[in-house]
Amino acid sequence: MSTIEQFRHETRAWLEANCPQSMRTAMGEGDVVWGASQPQFANDDARLWFERMRDKRWFCPDWPEAYGGAGLDAEQLAVLESEMRRLKCRPPQINLGIWMLGPVLLAHGTEEQKRSLLPPMARGEVRWCQGFSEPNAGSDLASLKMAARDAGDHFVVDGSKIWTSYGDKSDWMYALVRTDSQAPKHEGISLIVLDMRSPGVKAVPIDLISGKSAFCQVFFDGVKVPKSQLIGPLNGGWNLGKYLLQHERKAMSKFGEFSLPSHFDLLALLREYLPQPRSQGELALQARAVACAMDEHAYGLTVQRMAEEGRAGDDISGLMMIMKLLHTEQERDKFEVLLDALGGHAFGWQAPGFSERELAVTRAWLNSYALTISGGASEVQLNVIAKRVLGLPDGKKGVSA
Ligand SMILES: Cc1cc2nc3c(=O)[nH]c(=O)nc-3n(C[C@H](O)[C@H](O)[C@H](O)COP(=O)(O)OP(=O)(O)OC[C@H]3O[C@@H](n4cnc5c(N)ncnc54)[C@H](O)[C@@H]3O)c2cc1C
């Protein structure tokens with residue numbers, strides 16, 4: 001048996017023995033475990049699965065052992081991921097630090113930053129939030145104004161961030177801040193990390209029309225941040241932010257892979273709510289559903305191919321941008337079809353008497369729109385893909401294709 005086959009054999013045996021049966025089902029709302037200083041678990045199996053994977057160092061399987069990972073190579077990582085998919089294992093925890101900041105620190109952090117920030121992240125002990133968007137800097141992120149003023153051995157941070165998901169529940173934040181207000185806007189930005197318990201930080205939840213929201217506006221009033229918490233070069237934050245966002249897009253499609261498609265099996269639900277389509281309208285709905293299911297399948301196959309290209313060392317950053325756009329638009333189309341199929345059952349939002357699942361579909365429909373905005377709105381993604389991936393000329397300069 002080759003070394004990699006031996007690894008597959010051992011990995012499969014370990015997962016079979018250690019992943020509780022209930023952790024091999026699709027995640028519902030409330031099942032997600034967030035790595036945090038005080039993690040919450042829906043049940044004992046979720047805790048067990050979290051602890052076993054943490055002790056195996058498989059929260060970050062391919063990170064170096066010195067920083068809390070298991071040091072797996074690309075081939076071993078692929079085997080682990082495919083074995084987890086085969087058993088339908090849930091992710092034992094979700095952690096923005098691991099998915100987004102971790103890769104930036106590994107590539108650009110100082111040795112001291114890697115040794116202090118990565119191991120607790122790899123043990124799922126810190127919940128991270130992302131402080132990028134501001135009230136007047138969303139799609140046009142480079143217009144951000146939150147200032148970090150040089151005060152000797154530390155910065156003093158003033159301003160606010162908005163749409164910070166779970167800002168009130170997070171332990172630490174990574175944030176883009178303005179460190180030079182005179183420089184061209186992309187060149188005066190830095191990336192810092194900060195403790196959300198620092199004096200002067202206040203996270204205020206934002207209410208939405210759906211009644212439930214993870215969003216916060218976070219206010220910073222004279223917050224002291226040691227200079228050792230600057231990541232990468234001073235005023236070099238823009239490129240690090242772009243690098244980080246590539247990982248956000250990758251993470252978003254990975255999260256989708258684990259949860260939505262199997263949780264809401266489009267065709268199964270359609271058969272249930274529309275068992276015998278007869279009218280023109282019903283037949284058209286059925287055709288839309290089949291088209292969505294085919295797109296979903298094609299997307300899954302393309303993700304697999306892309307992952308293999310990535311492991312082979314190809315640059316897939318452009319493809320990741322395209323996939324984020326495709327995936328979020330496909331999910332939204334899918335939930336539009338589901339909502340149409342549910343008909344009156346989709347009004348659970350407004351009245352009692354509807355099943356949990358019907359309510360969940362309506363919620364997921366609303367959320368599918370949010371995902372076309374987070375990590376870069378679709379229209380802006382199209383602009384970025386046109387310019388940076390396809391190399392098309394910038395229309396604003398009057399250059400025609
Ligand atoms: C679910 C969710 C989670 C989020 N979590 C976080 C988080 O944790 N941290 C964080 O920092 N931010 C977060 N955000 C914010 C997100 O990054 C911003 O909402 C996004 O960048 C868009 O910015 P905006 O909301 O200011 O919209 P705007 O930038 O005002 O855009 C409004 C509309 O105009 C369009 N538009 C803007 N510019 C152009 C253009 N040049 N060409 C064509 N159309 C354009 C957009 O596509 C959009 O439809 C989250 C958002 C969502 C929905």
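Model, not experiment: these values are computed from the prediction. (Residues numbered from 1 in each chain as written. Predicted model: local features only at pLDDT ≥ 70, side-chain atom pairs only at ≥ 80, totals over all residues. Heavy atoms only, no water.)

Draft legend 1. Inspection of the site of the ligand at higher detail. The immediate surroundings of the ligand are formed by 16 residues, with Q130, S133, S139, W163 and E379 found nearest. Separating an oxygen atom of the ligand from a side-chain N or O atom of S139 is a distance of 2.6 Å. Compared with its free state, where it exposes 970 Å², the ligand has 63% of that area covered by protein. Secondary structure elements with two or more residues in the shell around the ligand: β3 (154-165) and α12 (378-389). By residue class, the composition of the shell around the ligand is 7 nonpolar, 8 polar and 1 charged. When residues of the shell around the ligand are assigned to domains, at least three map to each of domain 2 (128-231) and domain 3 (240-397). (Near = heavy atom within 4 Å. Polar contact = N/O pair within 3.5 Å; in protein donor to acceptor, adjacent residues only side chain to side chain. Areas by Shrake-Rupley, 256 points an atom, 1.4 Å probe, with all protein chains shown as cover. Helix = DSSP H or I, 4+ residues; strand = E, 2+ residues; numbered from the N terminus. Nonpolar A, V, L, I, M, F, W, Y, C, P; charged D, E, K, R; others polar. Domains from an automatic or database assignment.)

Draft legend 2. Structural view of the domain arrangement of the protein. We note that the domain assignment places domain 1 (3-102), domain 2 (128-231) and domain 3 (240-397) within the protein. Inter-centroid distance (C-alpha atoms) of domain 2 to domain 3 is 29 Å. Where domain 2 abuts domain 3, roughly 700 Å² becomes buried across the two surfaces, and 74% of that area is made up of carbon and sulfur atoms. There are 0 salt bridges connecting domain 2 and domain 3. For the pair domain 2 and domain 3, the number of links is 0 residue pairs in polar contact (both at pLDDT 80 or more). Counted by class, the side of domain 2 that touches domain 3 contains 6 nonpolar, 3 polar and 1 charged residues. (Buried area = accessible area lost by both parts, 1.4 Å probe. Salt bridge = Lys/Arg side-chain N within 4 Å of Asp/Glu carboxyl O.)

Draft legend 3. Focus on the pattern of salt bridges. The final tally for this structure, using the stated rule, is 21 salt bridges. Here R90 and D31 are joined by a salt bridge, their closest N and O atoms 3.6 Å apart. With R90 in the loop between α3 (74-87) and α4 (96-108) and D31 in the loop between α1 (3-18) and α2 (44-55), this pair connects stretches of sequence that are 59 residues apart. Judged by relative accessible area, R90 falls into the buried class, the value being 9%. Relative accessible area serves as the criterion here: at 21%, D31 is assigned to the partly exposed category. Between K185 and D140 there is a salt bridge whose closest N-O contact spans 3.2 Å. Placement of K185 in the loop between β4 (172-178) and β5 (189-195) and of D140 in the loop between β1 (128-131) and β2 (147-150) is noted, with a sequence separation of 45 residues between them. (Buried < 20%, exposed > 50% of the residue type's maximum accessible area, 1.4 Å probe, protein only.)

Draft legend 4. Representation of helix α9 (residues 280-311). The terminal C-alpha atoms of α9, which comprises 32 residues, lie 47 Å apart, in line with the 46 Å expected from a rise of 1.5 Å per residue. Looking at α9, one finds that the buried residues are L285, A289, C292, A293, Y299 and M306. Note on α9: the residue one or two positions beyond its end, G313, has a positive phi of about 95°. (Expected span 1.5 Å × (residues − 1).)

Draft legend 5. How the structure looks around the packing of aromatic side chains. This structure, assessed with the given rule, holds 9 aromatic pairs. Look at W14 and W58: their rings are 5.2 Å apart centre to centre, the planes differ by 70°, and that puts the pair in the edge-to-face class. Here W58 lies in the loop between α2 and α3 and W14 lies in helix α1, a separation of 44 residues in the sequence. By relative accessible area, which is 18% here, W14 ends up buried. For the ring pair W365 and Y369, a centre distance of 6.0 Å and an interplane angle of 80° mean the geometry is edge-to-face. Here the residue W365 and the residue Y369 both occupy positions in helix α11 (residues 356-371), the gap between them amounting to 4 residues, near one helical turn. For W365, a relative accessible area of 22% puts it in the partly exposed group. In this structure an aromatic cluster arises from ring pairing among W128, F132, W172 and Y174. (Phe/Tyr/Trp six-rings, centres within 6.5 Å; stacked < 30°, edge-to-face > 60°.)

Draft legend 6. Local environment of α1. In this model, α1 (16 residues) spans 22 Å end to end at C-alpha, consistent with the 22 Å of a helix rising 1.5 Å per residue. For α1, the complete set of buried residues consists of I4, F7, T11, W14, L15 and N18. The arc that holds the buried residues of α1, viewed along the axis, is 95°, so those residues lie on one side. (Arc of directions from axis to C-beta.)

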